[in-house]
Structures are given as structure tokens and as C-alpha cells.
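Each chain is listed here by its residues.
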Amino acid sequence: MDSDDLGLFGPGSVTWKVHDEPILIVAGLRSLFLQALHPRAMAGVAQNSNYRTDAWGRLLRTATYVATTVYGTTAEAEAAGARLRRLHDRMRATDTLTGAEFRIDEPDLLRWVHVTEVESFLSTARRAGLPLSDDEVDGYYTEQRRAAALVGLDPATVPGTAAEVADYYEAVRPQLRMTREAAETAVFLTAPPLPWKLSLPVRLGLTLGPPRWAYLGIAGTAFALLPTWARRMYGGLGLPTTALSADLSVRAMRLALAAVPRRYLEGPLIQAAKERAARHAAASLAG
């Protein structure tokens, strides 16, 4: 295996430019709020996941998977995708509206999760202040078709430009519903149980300590960053001022994160990828 393999994307990609932003933690929450509005997707999660009892573990596994596909070697990304496909292949769920059983890996469901995730990453980064041209936006969506292929989707069936993403949302919106499961998930995402170390102040009666307030701020911003039509489905306001407040909040968060040393924000996968890229660049110059 090439020790300097740059993976599916590499340092010259729009994907690396977008995912270099620590603010994407907000984007991950935004995508979950959005995904919950699809009844079948929500049923699949609720009936096959322990997200209520292991919320942080599931979030960590998801973040690790995304980091592997973005920053891992080609072999690591393909292995992660293969593991996920094997996991999905065994899963079934029951449609709460029709009673029909369905597979978790139905293309329509995989496509919904993929589009809401990548659109959330891109939208959040851009609204937080990351400068991206329209061509770069389209380039990101096109590049992310490689990630869609890892979960078993035909890349040709996945939106690859901003216009195609907008058309996709327009087409899928009639299938979306504000169900009881969606409402319960939204409440859970807004105030999940904190990890043990962070929840210790809560156990001592300090229920509004910094960790809880910090998370509530992140969750509130993630919700406010949703498309207007999604906020309205949740019963929230679709006013322009809501979007403006969200933009100001997420920009402030990005500025705050910029003050934190990178070594505290970048995991081993990102660090290893940047080291490979540096070696690759050095070898190219030497050659």
C-alpha cells in the first residue's frame, strides 16, 4: 500500500477545504434535525439504533466514519464503506405509517441521508464565513459522489451540483412529515444526556453549567440553520431574521474556534492525512 496515498479527495479538493472547518460539528447536528423529518429514515434509526442510550458513542462513530472517508487512505475509506454496507444489509424496519417492512439500505433512504449530510456541511461552512465560489460549491457536491458510492449508491443518481440538490429537496419534500418520532428526536438532539465527565456538575445539582449551556447554544444554532421550510415543519419561525441570527451565531462560533490551537481540534486521521500530503508534496518537488 502506498504510504502517501492521498485518499478519495486530497489537499487540492474542495472537500478538504470544507472539512478543515471545525464548525462542521454544528453541521452534523443540522443534518440530524433534517434527516428526522423523513418518516422512513427516522423509523430506520429508531428501530435499529441505540442512539438514546449511546448518543455520544453514535456521534463519535459517525464522525470517525466521515473523517475516514475524507482523510483516510483510499483503502481505509473503502474498508469503512464496506463495513457500513455489511451493517446496513442486515437491517430492516417497519414503516410506522403503512406497516410495510423495508430495508435500511434502500437507495432512496441512503440518498436522503447523504444529501442532507453533505448539504449541511457545505451550507454551514459557507454561512459561517468560509469563502467558496459557486464553482467550488458544485465541485464539492460532485466530489462527494465518491462518498455516496461507498455506502452503495450509484453516483449518477446522486445530486452533483447546487442546482441538483435544490431540485432534489423540492422533489422529496412531499414525503417529509412532522411525526411524533421526529419531534421526540428533535427534543433529544437539543438536550441529550451529557457524557459522564461533563454530566458530573449536573449530578451535583449544577444543571446549567458551561457544558450544558455550550451544547444548547450549538444545538440552537444548528436548528436555526435549517432551511426555512424545515423550520416551519418543526413549528418554528421561518422569518428572515431567524436566518440572520443563525448566520451571526455560526460566524461567532467559527471565530471562537479559530482561536483554539489546531492540535486540539484535529484528530489522528486528519493529522496523518496532512503528513502524507506534506510528504507527497515534498516528493513531487524533489522529483
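Below is a summary of the structure that appears in this document. Please read these numbers as outputs of a predicted model, since none were measured by experiment.

Some points on a positive patch on the surface
Consideration 1: A cluster of basic residues, Arg83, Arg85, Arg86 and Arg90, forms a positive patch at the surface.
Consideration 2: Tracing the sequence through the fold places Arg90 in the loop between helix H5 (74–89) and strand S1 (92–94).
Consideration 3: Using a relative accessible area of 62% as the deciding quantity, one classes Arg90 as exposed.

Comments concerning the packing of helix H2 (residues 24–35) against helix H6 (residues 107–127)
Consideration 1: Contact geometry of H2 with H6 gives a least axis separation of 8 Å together with a crossing angle of 140°. In this view, H2 runs oblique relative to H6, as classed from their interaxial angle. The chirality of how H2 crosses H6 is right-handed. Residues Leu24, Val26, Ala27, Gly28, Arg30, Ser31, Leu34 and Gln35 of H2 lie in contact with H6, whose contacting residues are Trp112, Val113, Thr116, Glu117, Glu119, Ser120, Phe121, Ser123, Thr124 and Ala125.
Consideration 2: Of the residues in the contact of H2 with H6, the class split is eight nonpolar, seven polar and three charged.

Thoughts on the pattern of salt bridges
Consideration 1: Summed over the entire model, instances satisfying the criterion amount to 18 salt bridges.
Consideration 2: Close ionic contact of Arg40 with Glu106 constitutes a salt bridge, the shortest N to O distance being 3.3 Å. Within this pair, whereas Arg40 is found in helix H3 (residues 39–48), its partner Glu106 is found in the loop between strand S2 (101–103) and H6, the two being separated by 66 residues in sequence.
Consideration 3: The partner of Asp247 in a salt bridge is Arg127, with the nearest N and O atoms 2.6 Å apart. With a gap of 120 residues between them, Asp247 in helix H14 (residues 240–258) and Arg127 in helix H6 connect regions that are remote in the sequence.
Consideration 4: Using a relative accessible area of 22% as the deciding quantity, one classes Asp247 as partly exposed.
Consideration 5: One continuous salt-bridge network, built from bridges that share partners, spans Asp20, Arg262, Glu266 and Lys274.

Quick notes on the rules
- Residues numbered from 1 in each chain as written.
- Predicted model: local features only at pLDDT ≥ 70, side-chain atom pairs only at ≥ 80, totals over all residues.
- Heavy atoms only, no water.
- Patch = residues over 30% accessible without salt bridge, like charges linked within 9 Å, V, L, I, M, F, W, Y side chains within 5 Å.
- Areas by Shrake-Rupley, 256 points an atom, 1.4 Å probe, with all protein chains shown as cover.
- Salt bridge = Lys/Arg side-chain N within 4 Å of Asp/Glu carboxyl O.
- Lys, Arg positive; Asp, Glu negative; His and termini not counted.
- Charge placed at Lys NZ, Arg CZ, Asp CG, Glu CD.
- Helix = DSSP H or I, 4+ residues; strand = E, 2+ residues; numbered from the N terminus.
- Buried < 20%, exposed > 50% of the residue type's maximum accessible area, 1.4 Å probe, protein only.
- Axes fitted to C-alpha atoms, helices over the stretch in contact; angles between N-to-C directions.
- Parallel < 35°, antiparallel > 145°, perpendicular 65-115°, else oblique.
- Left-handed = near helix turned anticlockwise from the far one by under 90°.
- Contact = heavy atoms within 4.5 Å.
- Nonpolar A, V, L, I, M, F, W, Y, C, P; charged D, E, K, R; others polar.

Treat this as a map of the structure, not an account of what it does.
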